[in-house]
Amino acid sequence: MTDYLDTTSGRRIAYNRLEGEGTGIVFLGGFMSDMSGTKAVALEQWAAAQGRPFLRFDYSGHGVSSGAFVDGCIGDWAEDAQAVIETLTEGPQVLVGSSMGGWISLLMCKRIPTRVAGLVTIAAAPDFTEDGFWAGFDEAQRKALVEEGVVHVPSGYDDPYPITRRLIEDGRDHLVLRSPLSLPFPVRFLQGTVDASVSVETALRLFDHAQGEDIRLTLVKGADHSFSTVECLKTIEAAIFEILARK
């Protein structure tokens, strides 16, 4: 059942929380995705079978949370994530971040490290506003962004992504690949080799940049950005189970 958390920022965040025993798991979704996606639901079912706590939620402007997507930015969504983790969970959690959720989860590792028991990322997209969108814009798109405040880019889905000037500018305040990134807990980065949204090179850059004693990168040959096949879901579950066994 969906519940709602009213944050101090004035946003209403929708969430589904599963009670249980032991270290909890928090799923952080991707850009313009929501908590009803295949991975989030499958992991909730997996956690339920183990009697383990699980939390999935919609950032503001996503799913059934308050706000409009075009009004949001990385800073807002990171605030949402921190609010639900600090308010709705107890003790250190295993964070599972998909795509943009990988970037958000890395920000959580920097902001509230005592609440992180371990990290699993799936096609993590750190700094994508700068290294993906802005770096890929031509002069006309950059000019339109500055003058009109938004440009629309193909998403690979039905609707294009509306990329706002605020999203780009705010993203620069939350970059994680330009300064030390300490991850002093078990970390498993997962990446498909035919991902059209996040490259293997991005995964390798994150892997090389992160600092910690228990960090591994797994490349899954033939897996795409959704990483939602039965085999991929089993790979995610195995990574979580390995972290729970090591912490």
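These notes cover the structure that comes with them. In this text the structure is predicted, and so the values were computed from the model without any measurement. (Residues numbered from 1 in each chain as written. Predicted model: local features only at pLDDT ≥ 70, side-chain atom pairs only at ≥ 80, totals over all residues. Heavy atoms only, no water.)

A short note on the overall build of the protein
Secondary structure summary: the protein contains eight helices and 12 strands in total. Taking 2.2 N^0.38 as the reference for a compact globule, 247 residues should give roughly 18 Å; the C-alpha atoms of the protein span a radius of gyration of 17 Å, in line with that estimate. Expressed along its principal axes, the backbone C-alpha trace of the protein runs to roughly 50 × 40 × 35 Å. By residue count, 55% of the 247 residues in the protein fall in the buried class. (Helix = DSSP H or I, 4+ residues; strand = E, 2+ residues; numbered from the N terminus. Rg over C-alpha atoms; globule rule 2.2 N^0.38 Å. Buried < 20%, exposed > 50% of the residue type's maximum accessible area, 1.4 Å probe, protein only.)

Remarks on the environment of Gly91
With respect to the secondary-structure elements, Gly91 resides in the loop between helix 2 (74-88) and strand 5 (93-98). Overall, the relative accessible area of 32% leaves Gly91 in the partly exposed class. Along the backbone, Gly91 and Ala117 are 26 residues apart, and their C-alpha atoms lie at a distance of 8.5 Å.

Focus on the packing of helix 1 (residues 38-50) against helix 8 (residues 230-246)
At a minimum axis distance of 11 Å, the contact between helix 1 and helix 8 shows a crossing angle of 50°. Between helix 1 and helix 8, the angle is such that the two are oblique. Crossing hand, helix 1 versus helix 8: right-handed. Together, Thr38, Lys39, Ala42, Leu43 and Trp46 of helix 1 and Leu233, Ile236, Glu237, Ile240 and Phe241 of helix 8 make up the contact between the two elements. Tallied by class, residues from the contact of helix 1 with helix 8 come to seven nonpolar, one polar and two charged. (Axes fitted to C-alpha atoms, helices over the stretch in contact; angles between N-to-C directions. Parallel < 35°, antiparallel > 145°, perpendicular 65-115°, else oblique. Left-handed = near helix turned anticlockwise from the far one by under 90°. Contact = heavy atoms within 4.5 Å. Nonpolar A, V, L, I, M, F, W, Y, C, P; charged D, E, K, R; others polar.)

A few points about the packing of helix 2 against helix 3 (residues 100-111)
Helix 3 packs onto helix 2 with a crossing angle of 60° between their chain directions and a minimal axis gap of 10 Å. Judged by the twist between their axes, the crossing of helix 2 over helix 3 is right-handed. When helix 2 is examined against helix 3, the residues Ile74, Trp77, Ala78, Glu79, Ala81, Gln82 and Ile85 are found in contact with a partner set consisting of Met100, Trp103, Ile104, Leu107, Met108 and Arg111.

Here's the deal with the state of the cysteines
Throughout the structure, instances matching the rule amount to zero disulfides. Not engaged in a disulfide, the cysteine Cys109 finds its nearest cysteine sulfur in Cys73; these two sulfurs lie 20 Å apart. Using a relative accessible area of 3% as the deciding quantity, one classes Cys109 as buried. (Disulfide = S-S within 2.5 Å.)

Structural notes on the side chain of Asn16
Mapped onto the fold, Asn16 is located in strand 2 (residues 12-18). For Asn16, a relative accessible area of 10% translates into the label buried. At 3.0 Å, the side chain of Asn16 and the side chain of Thr2 are in polar contact. Setting aside its immediate chain neighbours within four residues, Asn16 contacts Met1, Thr2, Met35, Glu44, Phe54, Leu55 and Arg56. (Polar contact = N/O pair within 3.5 Å; in protein donor to acceptor, adjacent residues only side chain to side chain.)

Remarks on the pairing of strand 7 (residues 150-153)
Residues Val151 and Val153 point to one face of strand 7 and are all buried, whereas Val150 and His152, pointing to the other face, are not buried. Here four bridges tie strand 7 to strand 8 (residues 161-164), and the two strands are oriented antiparallel to one another. Within strand 8, the position partnered with Val151 by the bridge is Ile163. (Pairing = 2+ DSSP bridges.)

Some words on the environment of Leu244
Within the secondary structure, Leu244 sits in helix 8. For Leu244 and Ser228, which are 16 residues apart along the polypeptide, the C-alpha to C-alpha distance reads 22 Å.

A closer look at the pairing of strand 5
Across the six residues of strand 5, six count as buried, placing the element largely inside the fold. Sheet analysis places strand 3 (residues 24-28) next to strand 5, joined by five bridges and oriented parallel. Each bridged residue has a counterpart across the sheet, and for Leu28 the counterpart in strand 5 is Gly97. Pairing between strand 5 and strand 6 (residues 116-122): six bridges, direction parallel. Residue pairing across strands places Ser98 opposite Ile122, the latter belonging to strand 6. Following the chain from strand 5 across helix 3 to the adjacent parallel strand 6, one finds a crossover that is right-handed. (Right-handed = clockwise from strand over helix to strand, strands pointing away.)

Topic: the nonpolar core
Counting residues in hydrophobic clusters, the biggest one holds 57 residues, and the most contacted among them are Phe31, Ile104, Ile163 and Leu183. With eight residues, the top contributor of residues to this core is helix 2. Counting residues in each nonpolar core, the second largest holds 24 residues, with Ala47, Val94, Ala239 and Ile243 among its members. (Core = buried A, V, L, I, M, F, W, Y, C linked by side-chain atoms within 4.5 Å.)

Without other data, these values stay purely geometric and don't point to any function.
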